[in-house]
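# Residue-level structural notes
Each chain, letter by letter, is given below.
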Amino acid sequence: MLTNVAAVLLDGVHPFELGVVCEVFGIDRRDEGLPAYDFAVVSAEGPSLGTHVGGLTVSTPYGLDRLEEADLIAVPAGSDYVTRDYPPELLESLVRAVDRGARVLSVCSGVFVLGAAGLLDGRRCSVHWRQAEELARRYPRAIIEPDVLYVDEDPVITSAGTAAGIDACLHIVRKEQGPETANKIARRMVVPPHRDGGQAQYIERPLPRSQCDTVGEVLVWMEQHLDEEVTVEQLADRALMSPRTFARRFQQETGTTPYRWILRQRVLLAQRLLEATDETVDAIAGRTGFGNAAALRHQFVRSVGTTPNAYRRTFRGPEAA
């Protein structure tokens, strides 16, 4: 049973990510019939820590010895966590916690601390999409899932940027104390009671055209004609290449195939239209080259992890179904 929780901080901690952990586990809600956790904020670098917010500091009487009794240790994000060194005593405490059966949770860039402790080796993990490449470079034995909100590889739980930490915390509560408790805490926080960890992060993926020397003009044309059916042979003709040479150059310069590239661009266009217009899903399917709502829905769910209507409600409110 989860009863004892500690959030461990380093200098430069981000207050929001710390606040997420404090809100879920640090507030006594026994008067509402909810569990109260023995919660502490722990410093790995002295009694007073700076944050990335000018003039705001965090003070705590608790040092690393407080981690020895925790059932769950949370590591919120912080400035320069991606590149800095970490106190060896902190890394050793995290490893000991996992060895004795405790859980560890990272929020956003806190995952780099877990990586430095060796806790990501051979495990699936999540991270903010902007930091996925760097995490892979620094910890090549980690199995990174850059698109998802959080990953539960018990006893190591990792979450992506900012609000995904809320989802991961509520997931742990749901797992330990059941959905009713998690739902009540979520209602108090005025957040959705459950977003599945496999739901995709809302990622903007701009095309790196600077590296597309020989197919760049074709890419521009493809973006302008997403509603049309095109073949590799037609694209190769526009590039004045044979289909085989075009396919090879396209893969070299974009990192994907023409089919996958155009499919991703169609989904991105559908996302923008769902966010910014009142067009029906059928109309958007026509404008994006999917042809009909069923085809759009199928590819949208595969790529984004949710339906077009649910995606639109996320950005425009429940009335925009």
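One structure accompanies this document, and this report is about it. (Residues numbered from 1 in each chain as written. Predicted model: local features only at pLDDT ≥ 70, side-chain atom pairs only at ≥ 80, totals over all residues. Heavy atoms only, no water.)

### With respect to the pairing of strand 5 (residues 72-75)
Two faces make up the sheet, and in a regular strand the side chains alternate between them. Across the two faces of strand 5 the burial is the same, with Leu 72 and Ala 74 and Ile 73 and Val 75 all buried. Read as a crossover between parallel neighbours, the route from strand 5 over helix 2 (residues 88-99) to strand 6 (residues 103-107) is right-handed. (Buried < 20%, exposed > 50% of the residue type's maximum accessible area, 1.4 Å probe, protein only. Helix = DSSP H or I, 4+ residues; strand = E, 2+ residues; numbered from the N terminus. Right-handed = clockwise from strand over helix to strand, strands pointing away.)

### Some points on unusual backbone geometry
Residues Asp 154 and Pro 155 are joined by a peptide bond in cis, for which omega reads 15 degrees. Along the chain, Pro 155 falls in the loop between strand 9 (150-153) and strand 10 (156-159). Of note, the phi angle at Cys 108 is positive, near 55 degrees, even though the residue is not glycine. By secondary structure assignment, the location of Cys 108 is in the loop between strand 6 and helix 3 (111-116). Look at Leu 240: it is not a glycine, yet its phi comes out positive at around 60 degrees. Here Leu 240 is to be found in the loop between helix 8 (232-238) and helix 9 (243-254).

### Digging into the nonpolar core
Of all hydrophobic cores here, the largest spans 71 residues; its most connected members are Val 8, Phe 25, Leu 90, Leu 94 and Val 113. Ranked by residues supplied to this core, first place goes to helix 5 (residues 164-177) with 7 residues. Those residues within four positions of Leu 94 in sequence are excluded, and the remaining contacts are Ile 73, Val 75, Val 104, Val 113, Leu 114 and Leu 119. Val 215, Ala 270, Ala 285 and Ala 293 belong to the second largest nonpolar core, which has 29 residues in total. (Core = buried A, V, L, I, M, F, W, Y, C linked by side-chain atoms within 4.5 Å. Contact = heavy atoms within 4.5 Å.)

### Points about the pattern of salt bridges
Counting across every chain of the model gives 17 salt bridges. Among the salt bridges present, the one from Arg 66 reaches Glu 69, with a minimum N-O distance of 4.0 Å. On the basis of relative accessibility, which here comes to 44%, the residue Glu 69 falls in the partly exposed class. Salt-bridge contacts for Glu 180 lead to Lys 184; the nearest nitrogen and oxygen are separated by 3.6 Å. Of the two residues, Glu 180 and Lys 184 both sit in helix 6 (residues 179-189), 4 residues apart, roughly one turn of that helix. For Lys 184, a relative accessible area of 28% puts it in the partly exposed group. Connected via shared salt-bridge partners are Arg 103, Asp 152, Asp 154, Lys 175 and Glu 176. (Salt bridge = Lys/Arg side-chain N within 4 Å of Asp/Glu carboxyl O.)

### Looking at the packing of helix 10 (residues 258-276) against helix 12 (residues 293-304)
One can describe the packing of helix 10 onto helix 12 by two numbers: an axis separation of 10 Å at closest approach and a directional angle of 95 degrees. Judged by the angle between their axes, helix 10 and helix 12 are roughly perpendicular. Between helix 10 and helix 12, the residues in contact are Tyr 259, Leu 263, Arg 264, Val 267, Ala 270, Gln 271 and Leu 274 and Leu 296, Gln 299, Phe 300, Ser 303 and Val 304, respectively. Broken down by class, the residue content of the contact of helix 10 with helix 12 amounts to 8 nonpolar, 3 polar and 1 charged. (Axes fitted to C-alpha atoms, helices over the stretch in contact; angles between N-to-C directions. Parallel < 35°, antiparallel > 145°, perpendicular 65-115°, else oblique. Nonpolar A, V, L, I, M, F, W, Y, C, P; charged D, E, K, R; others polar.)

### Let's talk about the sheet that holds strand 2 (residues 38-43)
Strand pairing within a sheet occurs via backbone hydrogen bonds; the two strands may be parallel or antiparallel. Spatially, 2-1-5-6-10-9 is the arrangement adopted by the 6 strands of the open sheet, whose pairing is mixed. The sheet is open, and its two edges are formed by strand 2 and strand 9, each paired on a single side. Each strand of the sheet is rotated relative to its neighbour by a mean of 15 degrees, with strand direction disregarded. Here strand 1 (residues 4-9) runs beside strand 2; their pairing, made up of 6 bridges, is parallel. Paired with Val 5 across the two strands is Phe 39, which belongs to strand 2. Helix 5 rests against strand 5, strand 6, strand 9 and strand 10 of the sheet, and its axis sits at about 160 degrees to strand 6. (Pairing = 2+ DSSP bridges.)

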